[in-house]
Every structure is written in structure tokens, then in C-alpha cells.
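A look at the structure
Listed below are the residues making up each chain.
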Amino acid sequence: VFILLDGVYTFGEEVKIPVIAPPRKERGLKITASAILQQLTHLSQEVDEYHLALKTRKELERELSEALIKAEERMAKVRRTRASLSMLAEIRKDIEKEKKQLSERLKDIRSRRQALKPRGELMLVLWRELELKRKALEQNQKKSGSNHRTRLVVGTRVFLRQMRMLSILYSIYPVRKVTDRKSSHGATYYIRNVTIPDRISESLGQDMSVALGYCAHMVVLASKYLGVVLRYRIVYQASKSMVVDDVQDPVKKVALYYKESHSRGMIHGGIGMMIVNVGQLLDACNLRPSEAMGGSGTHLLHRLYILQRQIMPEDSQ
């Protein structure tokens, strides 16, 4: 501590604090100890105030730096918030676009739905009908399973009835085979002791008409018993029967009997149509039709003979 006469007090090398100079007396300069103590006390108070101010300044600087750091952090948050807000704005725009597209698609779907509504109702009706048919089919299957034995019994009885009716028919119109060396094919066939000659003549015309009438009646009844629809319809009129082709010429009737006005080609054509009908009966009985042999009349009786042998073998006749 230096006490200067000019009233300036120097403390250390940093701070200069003015002090009150002691009053001068007229009788010379005299500094007392109480004045010096008073000055030192005042000086210590000022020093304490300075240190306090300095401490307060450092705290303020620290608080200011902390506040600046917080402000920078807040600004960074604000920047991030602004960036996120801009992203949110873009996302909102994209959402609006997608919303418009979805609304358009929804309108399209509603229009299609209105257009498909009648079809849907029709499909629902068809589905209900199919469900009813399915249930009915299941019930029929159950019934068919329970009635399987009954069907077998009925089928067997029907088959036996058919065989019985055919056997009666064949007993009414028996066809027999007689060996004949003079014949070109080695045998002659008779139906109720009447044959169909290969060569049509006036002398044998009446017997041929009767034989063809027997054949026509026999084929008509056999087709009914077996449930076979004949290719050529037979108009049975005893010995003046006829055959009709309902497909090509339903008006024209082909005669199965001899007459002077009838040509031989027409009669042979009618016999050929009868041969086709008998072939259908053989197919229904799982029999192989024989090949053409000799004349057309012999061929017709030969096929009827094969058909009879299925029901009535030669041993049982």
C-alpha cells in the first residue's frame, strides 16, 4: 500500500481507486492512525465489492454462454422443426393426391358395382338353385344307395321278362336252318316253313310276301321288347308290309311284298333295309352281325337265325 500526498491511492498493479485525502491543517501536514484505518477499511470494502462484482460478472458470462448454447440448440430444433414442417407439407400434398386418386377409384368401383349388381343377383339366384340341386342330388344318392339292390332286382326281372317275351316271339316265328348242297351257300333258311328266294319270280312271289311279313312282324316286336329304335320304320300289314326311310324320304314307302308292278330292285332295297334293322337288334344283344352271304333274302333270314339262337339254342328248340 502506497499513500501519496496528491490523494491518489495505488493498490497492486491493476486497479486505481481514488481515496479521500485527509484534511490539511494550517499548522502543517499531520496524518493520524485512525484516518489511515478508516481509509483501509473503506478500501477493503471497495475491494470486496469489486471481487463480488467480478464474481457476478463471471457467473453472468457463464450464464450467458449457457444461454447462448441453449439458444443455438433451440435454433437447431427450430431448423429441424421447419424442415420437418416442410416435409409434412410435402407429405400432405402427396396424401391429397392419393386421396383424389382413391376417390376417383372409389367412384369407378361404385359405378362398376352398380353395373354388376344385376349379375350378382342373378349369380345368387343360380347359386341357390345349384345348392338346391346339390341337396337333391345328395338325397338321390342316398336313396340310390339304399335302392341299389332294388334296382338290381328290378333290372334282373326286366331282363328275364325281355328274354321270356323274345322266347315266346321266337316260338311263334321260328327260324330254322336246313343244309342244302344245291344252294350256293350250303344252307337254306325257313321262317314258319316259308323261305325267301334269292331270285324273285311270279311262282314264288306269294310265299316270299308271307315270309317277309313274318320277318317284319318279328322285327317290330323284338325292337319293342329290347327298346331299340329302328333306322327304318316298318309299316306292318301282314303279307303287304312296307319300310319307310323317315330321314331321307319320309313319304316314299318301299314294299316288302311281290307285285307285278313292283320292280325287283325295289323289293331287294326293302330287304336290305330290313337287314340293317336286324343288325341293330344284333348290336343291342352284343352279337356280331354276319357278313353278306348269298342273296339278300338268305342274308336276312340268316341274321334272324343268329338272333334267335341267343335265346333259343338248337338243343332247346
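Above this text sits the structure in question.
Owing to the predicted nature of the structure, the values given are computational and were not obtained by experimental measurement.

**Looking at the overall build of the chain**
Helix and strand content of the chain: 5 helices and 8 strands. Element order for the chain, N to C, with α for helix and β for strand: β-β-β-α-α-β-β-α-β-β-β-α-α. Every one of the 317 residues in the chain was classed for burial, and the buried ones make up 25%. Summed over its atoms, the accessible surface of the chain is roughly 23900 Å², and 56% of this surface lies on carbon and sulfur atoms.

**So, helix α2 (residues 148–172)**
Look at α2: 36 Å from first C-alpha to last across 25 residues, which is about the 36 Å you get at 1.5 Å a residue. Those residues of α2 that sit buried are M163, L166, S167, L169 and Y170.

**A short note on a positive patch on the surface**
Together, K70, R74, K77 and R80 make up a positively charged patch on the protein surface. Structurally, K70 can be placed in helix α1 (residues 33–146).

**Let's talk about the nonpolar core**
One recurring pattern in soluble globular proteins: nonpolar side chains tend to sit buried together. Ranked by size, the top nonpolar core spans 43 residues in total, and within it I191, I196, C215, V219, M274, L300 and L304 carry the most contacts. For this core, the elements supplying multiple residues, two or more each, are α2, β5 (187–191), α3 (205–226), α4 (264–284) and α5 (296–311). Among the elements that make up this core, the one with the highest residue count is α3 (10 residues). Beyond its immediate chain neighbours, meaning those up to four positions away, I196 contacts M208, A211, L212, C215, I271, G297, T298, L300 and L301. Ranked by size, the runner-up nonpolar core spans 5 residues in total, among them V235, V244, A255 and Y257.

**A short note on the packing of α2 against α3**
Where α2 meets α3, the axes come as close as 10 Å, and the angle between the chain directions of the two elements is 175°. Classified by the angle between their axes, α2 and α3 sit roughly antiparallel to one another. Across the interface between the two elements, Q162, M165, L166, L169 and Y170 from α2 touch M218, L221, A222, Y225 and L226 from α3. Residue classes in the contact of α2 with α3 are distributed as 9 nonpolar, 1 polar and no charged.

**A word on the side chain of S223**
Following the sequence through the fold, S223 ends up in helix α3. A distance of 2.7 Å separates a polar atom in the side chain of S223 from the backbone oxygen of V220. Setting aside residues no more than four positions away along its own chain, S223 makes contact with V228, L230 and L281.

**Some thoughts on the sheet that holds strand β7 (residues 242–245)**
In spatial order, the strands read β6-β7-β8; together these 3 strands make up an open sheet with antiparallel pairing. Only two strands of the sheet have a single neighbouring strand rather than two, namely β6 (233–235) and β8 (249–255). The sheet shows a mean angle of 30° between the axes of neighbouring strands, direction not considered. Relative to β7, β6 runs antiparallel, the two being bridged by 3 bridges. Across the sheet, the residue bridging to R233 is V244, located in β7. Running at roughly 105° to β8, α4 makes contact with β6, β7 and β8 of the sheet.

**Thoughts on the environment of D246**
Position of D246 relative to the elements: it lies in the loop between β7 and β8. Relative accessible area serves as the criterion here: at 37%, D246 is assigned to the partly exposed category. Remark: the alpha-carbon pair of D246 and Y232, spanning 14 residues in sequence, is separated by 7.0 Å.

About the cut-offs
Residues numbered from 1 in each chain as written. Predicted model: local features only at pLDDT ≥ 70, side-chain atom pairs only at ≥ 80, totals over all residues. Heavy atoms only, no water. Helix = DSSP H or I, 4+ residues; strand = E, 2+ residues; numbered from the N terminus. Buried < 20%, exposed > 50% of the residue type's maximum accessible area, 1.4 Å probe, protein only. Areas by Shrake-Rupley, 256 points an atom, 1.4 Å probe, with all protein chains shown as cover. Expected span 1.5 Å × (residues − 1). Patch = residues over 30% accessible without salt bridge, like charges linked within 9 Å, V, L, I, M, F, W, Y side chains within 5 Å. Salt bridge = Lys/Arg side-chain N within 4 Å of Asp/Glu carboxyl O. Lys, Arg positive; Asp, Glu negative; His and termini not counted. Charge placed at Lys NZ, Arg CZ, Asp CG, Glu CD. Core = buried A, V, L, I, M, F, W, Y, C linked by side-chain atoms within 4.5 Å. Contact = heavy atoms within 4.5 Å. Axes fitted to C-alpha atoms, helices over the stretch in contact; angles between N-to-C directions. Parallel < 35°, antiparallel > 145°, perpendicular 65-115°, else oblique. Nonpolar A, V, L, I, M, F, W, Y, C, P; charged D, E, K, R; others polar. Polar contact = N/O pair within 3.5 Å; in protein donor to acceptor, adjacent residues only side chain to side chain. Pairing = 2+ DSSP bridges.

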